[in-house]
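One-letter residues, chain by chain:
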Amino acid sequence: MIKDNLEKIKSRIDSVDHSQQVTLIAVSKTRSVLEIQSAVDAGQYNFGENYLQEALDKIEALKNNTLVWHFIGPIQSNKTAKIAENFDWVHSVDRIKVAKRLNEQRPPDFSKLNVLIQVNIDNEPTKSGILLNEVTEFVRQCDDFENIRLRGFMCIPNPQNSSNSFSLMAKILSEFSSLDTLSMGMSGDMELAIENGATLVRIGTDIFGKRSYV
Ligand SMILES: *Cc1c(COP(=O)(O)O)cnc(C)c1O
């Protein structure tokens, strides 16, 4: 079933008119190692996790596969070392202190940690992310960090306004020639995000089924 779902998602991606390369991240929070393994067997290599301890257990259990792990959940600053040591990408950086710690804690003999800034694109009080008017300064401050590579932005727009918000996020990305990545689009709004320039889509439910919690 996971294999069929992955195929369906890929044909949904192909059916959207787009010129950028789009990478599918399977969001595997709350999913078992066995479920992830069946996605791997179907050719899926990029996985997104929200909770550190749960993720570390799975990364360890699946270490014989060459997988790409994305941290997409809220980051407490006392968790940054393990994130810096175990992930390839971090999508949810929204404090400069966290970027600084990830930079200090990324082992220098690893490839640079790929980092995205989470942007609260619709300025919603309940959502994480920096505000639009903070983006330029945040990007500038990341220039100093040698062990991380700032790649772009992640956002979770208000569903009422997602088309506008996705296109605004893409416009902001285009203002920074050093950045190339937009992580946007989940099961419910993937096509719209791709139409508007998403390069990473984060899909959980439509691959693994409905989650019983969170
Ligand atoms: C859970 C989660 C997803 C996946 O959401 P679905 O609706 O299940 O596709 C994507 N991004 C983030 C940040 C998430 O927490």
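Going by the structure above, here's the rest.
Residues numbered from 1 in each chain as written. Predicted model: local features only at pLDDT ≥ 70, side-chain atom pairs only at ≥ 80, totals over all residues. Heavy atoms only, no water.

The next thing to look at is the pairing of strand E3 (residues 68-71). Pairing of strand E2 (residues 46-49) with E3 involves 4 bridges; the strand directions are parallel. The residue of E3 that forms the bridge with Phe47 is Trp69. A crossover links E2 with its parallel partner E3, the connecting element being helix H3 (residues 52-61), and its sense is right-handed. In this view, the connection linking E3 to its parallel neighbour strand E4 (residues 89-93) by way of helix H4 (residues 80-86) has right-handed handedness. (Pairing = 2+ DSSP bridges. Helix = DSSP H or I, 4+ residues; strand = E, 2+ residues; numbered from the N terminus. Right-handed = clockwise from strand over helix to strand, strands pointing away.)

To continue, consider the site of the ligand. Contacts to the ligand come from Val27, Lys29, Asn50, Ile72, Ile156, Met186, Ser187, Arg202, Ile203, Gly204, Thr205 and Arg211. Measuring from a nitrogen atom of the ligand, one finds a side-chain N or O atom of Arg202 at 2.8 Å. Thr205 is positioned such that a nitrogen or oxygen atom in its side chain is 2.5 Å from an oxygen atom of the ligand. Within the complex, 88% of the 390 Å² of free accessible area of the ligand lies under protein. The cavity where the ligand resides is the largest pocket. In the shell around the ligand, the residues fall into 5 nonpolar, 4 polar and 3 charged. (Near = heavy atom within 4 Å. Polar contact = N/O pair within 3.5 Å; in protein donor to acceptor, adjacent residues only side chain to side chain. Areas by Shrake-Rupley, 256 points an atom, 1.4 Å probe, with all protein chains shown as cover. 1 Å grid on protein atoms, 1.4 Å probe; cavity = no way out; pocket = protein on both sides within 12 Å on 5 of 7 lines; lining within 4 Å. Sits in = over half its atoms within 2 Å of the grid points. Nonpolar A, V, L, I, M, F, W, Y, C, P; charged D, E, K, R; others polar.)

Empty space among the atoms can be located by rolling a probe the size of a water molecule over them. By volume, the largest pocket amounts to about 400 Å³. If you go around the largest pocket, you meet 21 residues; those closest to its centre are Lys29, Asn50, Ile156, Met186 and Arg202. Of the residues that constitute the lining of the largest pocket, the class distribution is 7 nonpolar, 10 polar and 4 charged. (Points joined across faces, edges and corners; volume = space filled by probe spheres on them.)

Within the largest apolar cluster, 60 residues are counted, with the highest numbers of intra-cluster contacts made by Phe47, Val93, Leu102, Phe153, Met169, Val201 and Ile207. Counting 5 residues, the second-largest nonpolar core is a separate cluster that includes Ile25, Trp89, Leu116 and Leu200. (Core = buried A, V, L, I, M, F, W, Y, C linked by side-chain atoms within 4.5 Å. Buried < 20%, exposed > 50% of the residue type's maximum accessible area, 1.4 Å probe, protein only.)

The subject of this paragraph is helix H7 (residues 162-174). Along its 13 residues, H7 runs 18 Å from first to last C-alpha, staying within 8% of the 18 Å computed at 1.5 Å per residue. Inspection of H7 places Ser162, Ser165, Phe166, Met169, Ile172 and Leu173 among the buried residues, and these make up the whole buried set. Along the axis of H7, the buried residues cluster in a sector spanning 125 degrees; they form a single face. Looking at H7, the residues exposed on the side facing more than 90 degrees away from the buried face are Asn164 and Ser174. Taken together, the buried residues of H7 touch strand E5 (113-119), helix H6 (135-142), strand E6 (148-155), strand E7 (181-183) and helix H8 (190-195). (Expected span 1.5 Å × (residues − 1). Arc of directions from axis to C-beta. Contact = heavy atoms within 4.5 Å.)

Enumeration according to the criterion identifies 3 aromatic pairs in this entry. An angle of 35 degrees between the planes, with centres 5.7 Å apart, marks the rings of Phe47 and Trp69 as tilted. Of this pair, Phe47 sits in strand E2 while Trp69 sits in strand E3, placing them 22 residues apart in sequence. (Phe/Tyr/Trp six-rings, centres within 6.5 Å; stacked < 30°, edge-to-face > 60°.)

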